[in-house]
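Secondary and tertiary structure notes
The primary structure of each chain is shown beneath.
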Amino acid sequence: MRKFKTESKKLLDLMINSIYTNREIFLRELISNASDAVDKLYFRSLVDETVSINRADLAITVAFDGNGRTVTVSDNGIGMSKDDLDKNLGTIAHSDSFEFKADQAKNTPGEEKGLDDMTDVDIIGQFGVGFYSAFMVGKKVQVVSKAYGSDEGWMWESDGVDGYDLKPAQRESHGTDVIVYLKDNTDDESYDTFATEMGLKNLIKRYSNYVRYPIQMEVTKTRQIEAEEEGETPHWENYTEVETVNSMIPIWKRKGAEVSQEEYDEFYKTDFHDYEAPARTFSVHAEGGLTYDALMFVPAHAAYDYYTRDFKKGLAMYSANVLIMDKCEELLPDYFSFVRGVVDSADLTLNISRETLQHNSQLRAIARRLEKKIKADLVAYRTDDREGYEQFFENFGRNMKYGIYSSYGAAKGAVADLLLFYSAQQQKLVTLDEYLEAAPEGQNAIYYAVGSSLEHLAKMPIVTTVLAKGHDVLLCPDEVDEFCFMAMMDYNETPLKNVSSENLGLTTEEEKKEAEEATEKNAGLFDAMTDALAGKVEKVVVSTRVSDAPAVLTCEGPVSLQMAATMKAQMGDAAEGMPPIPVVLEMNPKHVVFEVLQKAQAAGDTDKVASYASILYDQAMLVEGLPIDDPVAFAQKVADLMK
């Protein structure tokens, strides 16, 4: 037995047990190596006139023996001599493909020598460790190979422990067979699925579906046998047939003009397991300093787990048509996490196992370009198909709003102009730009109201008052809306103001003067009401922003009543330590109820003032769509009032 070169035992153990984490990728690695071998022969045929091959004959074969528990990956590529086997498989982490790729870069003759087809040659392997992943599932591996142009075949054999054997072997033609003898099953691991037709087909479809050469398998099929005699019942029989399992040509590398939307839809539904065609499809083909192909989709509906912690964003990452990651999170920002698709680039720096990507400038550059492409397509979507865009926004708009909030406003430049809100004045969804375009001259803020529903918000006294003054109000029933607006602070330098918690700047000087006089005149009444509502309100004042309601609740500072209620619900018991929100009860001095309060105060009826103050507070809470502390007490006070 020949010993492995380098510190074989430690290094081989590292290759088998540490670098790779997913056992099933062994087939991907062996098929990738086979593809490289075929590519090398094809390249040689382009530069050596003595090498004559028909590219249509180049293929990879996968076979299995359920009884013998073996898996075999074969190719009719360039093959290996005895020395090649010794060098490539006897020296762990030696990459013949890496050397070939380097030589190719140095010595490619160029287009002037008629080698345009060289653009089709893309060697996958670079590290020389992929072969050893076979030992994750195999207790023994044999490699039978015959170099192109040679009359000799050789077999390399090893149990993956200390070393290997090299001996002559018979192979009919050039190429390589890798035979993996599966490990025995244990209580924790079963390897039997790797020696089944369905198991191997699934792995090929999953990881190697777009390898450029046909991957062929002998598969079992069923056919009906017609009755030979009249009255005899037809029956079915099983038969085997060699079938190409992989698709070979990735749809994302084809030009858009060559692919129908029906083909895109079918690819999306099949590969991303969706029952409905995507709402939008767009692709990117980048060449130059960073070359990659991307095909992306906007789903027609949100995934069942989209708004849960279990959802994982990301695009499928391929390198030279081989799947590296199901979902590369780094390629999508959180606010575009709904996008699905694939990115294929041979330029990315992969780690040694190819199971993960190194975080590098190339990956970040691709991510930035994809983000711009997604943004541009969504803008086009909004312009070209407003109805479709509004449906899209119903599905995914909440996530974009949350993206602004979770980034502390940093993402507003990327998505704020994509957001839609319901306009109370226009009675439809509008963008922030459309809101500002319709605003009267001199309006210096964007006004919004938050609550439980559009119907409720449209009836709120503070909203109707702002509308009466000629200003539109964005109605925001989604609990994330206020958090989003607070994180944004402004839109294109126009402040965002909550009609319930901000000084709106809509009060005239005359209205301010009247309010000041009424406050001074009724100071005793307001003090008595404040005392009656101790712990609930900071103070009671005259309102300048309600015209038809007796009272309204507002807040001093940026946190509204709705936001405080949301935060309290989310925090649970921890909310007990939250500082109180400075709530203000604003009274309408022109309402008949105010006259009743004045008379009670003048008569010294402190009980009536306190009772009415409590009723007005609870009424204002209900108008805000918020629960009151004691519904029974409120109902009793109303009943007493009716007596």
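Above this note sits the structure.
**Here we look at the overall build of the protein**
A tally of regular secondary structure across the protein gives 19 helices and 23 strands. Per-residue burial for the protein yields a buried fraction of 49% across its 643 residues. Counting contacts in the protein only where the partners sit at least 6 residues apart, residues at least 24 apart contribute 70% of the total. Accessible surface for the protein amounts to roughly 31,900 Å². Of this, 48% is attributable to carbon and sulfur atoms.

**A look at the sheet that holds strand β23 (residues 583-587)**
Where strands meet in a sheet, backbone hydrogen bonds hold them as pairs that are either parallel or antiparallel. Pairing within the open sheet is mixed, and its 3 strands lie in the order β21-β23-β22. Where the open sheet ends on each side, the last strands, each with one partner, are β21 (539-542) and β22 (551-555). Strand-to-strand twist in this sheet, taken as the mean axis angle between neighbours without regard to direction, amounts to 30°. Where β21 lies against β23, 4 bridges are found, and the strand directions are parallel. Looking at β23, one finds that Val542 is bridged to Met587.

**Brief notes about the side chain of Asn395**
Checked against the element boundaries, Asn395 lands in helix α8 (residues 386-406). Apart from residues no more than four positions distant in its own chain, Asn395 is found in contact with Ala300, His301, Ala302 and Tyr307.

**A look at unusual backbone geometry**
Positioned with a positive phi, Met248 is a non-glycine residue whose angle comes to about 75°. Relative to the helices and strands, Met248 resides in the loop between β9 (235-244) and α6 (261-271). Although it is not a glycine, His273 sits at a positive phi angle of roughly 55°. Along the polypeptide, His273 turns up in the loop between α6 and β10 (280-286).

**Considering the environment of Ala633**
Here Ala633 is to be found in helix α19 (residues 631-642). Its relative accessible area of 26% is what places Ala633 among the partly exposed residues. Along the sequence, Ala633 and Ser614 sit 19 residues apart, while their C-alpha atoms lie 9.7 Å from each other.

Cut-offs applied
Residues numbered from 1 in each chain as written. Predicted model: local features only at pLDDT ≥ 70, side-chain atom pairs only at ≥ 80, totals over all residues. Heavy atoms only, no water. Helix = DSSP H or I, 4+ residues; strand = E, 2+ residues; numbered from the N terminus. Buried < 20%, exposed > 50% of the residue type's maximum accessible area, 1.4 Å probe, protein only. Contact = heavy atoms within 4.5 Å. Areas by Shrake-Rupley, 256 points an atom, 1.4 Å probe, with all protein chains shown as cover. Pairing = 2+ DSSP bridges. Axes fitted to C-alpha atoms, helices over the stretch in contact; angles between N-to-C directions.

Nothing here speaks to function; it is all geometry.
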